[in-house]
Amino acid sequence: MSFRVTLLHMEMRLGLPTVALDTEFPGAARLGEQLDFEVRVVRVGATSLTLAVTGAVAGRTCVKARLVQVLTRLDSMRPEPWPESWRSRICPLSEEISS
């Protein structure tokens, strides 16, 4: 799933701020090494999305993060429910779904 940030922010007046972030560094990455990232949708809530991110060098995990983002109406800075057209595309990717 992809979207243009300018469409999200400027035209739809929505944002996806990170409201929680937990990061671990179980291994070192050296300057010049290329990290491969995997992003998984862990949970889809009524207005939020929990993602798990893993960064690895040659299969060796160097960074793990879990973050929660909330769809937010920029004019009011209040949480906004996921549009059904988005939710129907995100939910099949998720490990857990709640309303």
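Computed from a predicted model, the values in this text were never measured in an experiment. Residue numbers run consecutively from 1 along every chain, following the written order of its sequence. Only residues with pLDDT of at least 70 get local features here, since the model is predicted, and only at 80 or more are side-chain atom pairs given and counted; chain-wide, interface and lining totals rely on the full set of residues. Where side-chain values are given, they derive from all heavy atoms of the structure, hydrogens and water being excluded.

A. Molecular detail of the overall build of the protein. Looking only at helices and strands, the protein features two helices and eight strands. Helix and strand assignments follow DSSP, with helices taken as H or I runs no shorter than four residues and strands as E runs no shorter than two, numbered in order from the N terminus. Of the regular secondary structure in the protein, the N- to C-terminal order runs α-β-β-β-β-β-β-β-α-β. Over its C-alpha atoms, taken along the principal directions, the protein stretches across nearly 40 × 30 × 20 Å. When a residue's accessible area, from a 1.4 Å probe over protein chains only, is under 20% of the maximum for its type it is buried; when over 50% it is exposed; and in between it is partly exposed. Relative to its 99 residues, the protein shows a buried fraction of 32%. Between two residues, a contact is recorded if the distance between any of their heavy atoms is within 4.5 Å. A separation threshold of at least 6 residues defines the contact pool for the protein, and within that pool the share at least 24 residues apart is 57%. Note on areas: these come from Shrake-Rupley sampling with a 1.4 Å probe, and a residue is covered only by the protein chains present in the view. Within the structure as shown, the protein displays about 6,600 Å² of accessible surface, and the carbon and sulfur contribution to it stands at 55%. If you average the places of the 12 positive and of the 11 negative side-chain charges in the protein, the two averages end up 2 Å apart. For the purpose of counting charges, residues Lys and Arg are taken to be positive, whereas Asp and Glu are taken to be negative. His and the chain ends are not included. Working definition for charges: the position is that of NZ of Lys, CZ of Arg, CG of Asp or CD of Glu.

B. Main features of the side chain of Q69. Residue placement: Q69 occurs in strand 5 (residues 60–70). When its relative accessible area of 15% is taken as the criterion, Q69 is described as buried. In this structure the side chain of Q69 is engaged in a polar contact, spanning 3.2 Å, whose partner is the backbone oxygen of L16. We call two N or O atoms a polar contact when they sit within 3.5 Å, provided that within protein one can donate a hydrogen and the other can accept it, with sequence-adjacent residues counted only if both atoms are side-chain atoms.

C. Representation of the pattern of salt bridges within the structure. One side-chain nitrogen of Lys or Arg within 4 Å of one carboxyl oxygen of Asp or Glu is enough to make a salt bridge. Throughout the structure, instances matching the rule amount to four salt bridges. Two residues, D75 and R13, come together in a salt bridge whose shortest N-O distance is 3.0 Å. Here R13 lies in the loop between helix 1 (5–11) and strand 1 (14–15) and D75 lies in the loop between strand 6 (72–73) and strand 7 (78–79), a separation of 62 residues in the sequence. Among the residues examined, D75 registers a relative accessible area of 58% and is labelled exposed. R13 sits in the partly exposed class, given a relative accessible area of 31%. With its nearest N and O atoms 3.7 Å apart, the salt bridge here joins E33 to R60. Here R60 lies in strand 5 and E33 lies in the loop between strand 2 (18–24) and strand 3 (36–44), a separation of 27 residues in the sequence. Of the residues examined, E33 reaches a relative accessible area of 30% and is grouped as partly exposed. Taking relative accessible area as the criterion, R60 reaches 37% and is therefore assigned partly exposed.

D. Representation of the packing of aromatic side chains within the structure. Centres within 6.5 Å are what make two rings of Phe, Tyr or Trp a pair, Trp counting through its six-membered ring; a difference in plane orientation under 30 degrees is then read as stacked, over 60 as edge-to-face, and the rest as tilted. A full pass over the atoms with the stated rule returns one aromatic pair. On the numbers, 6.2 Å between centres and 50° between planes, the contact of W82 with W86 is tilted.

E. Main features of the nonpolar core. Joining through side-chain atoms within 4.5 Å is the link that ties buried Ala, Val, Leu, Ile, Met, Phe, Trp, Tyr and Cys residues into a set, and such a set is a nonpolar core. Residues V41, V44, L49, L71, W82, W86 and I90 are the most contacted members of the largest nonpolar core, which totals 15 residues. Mapped by element, the contributors of at least two residues to this core are strand 3, strand 4 (48–57), strand 5 and helix 2 (84–90).

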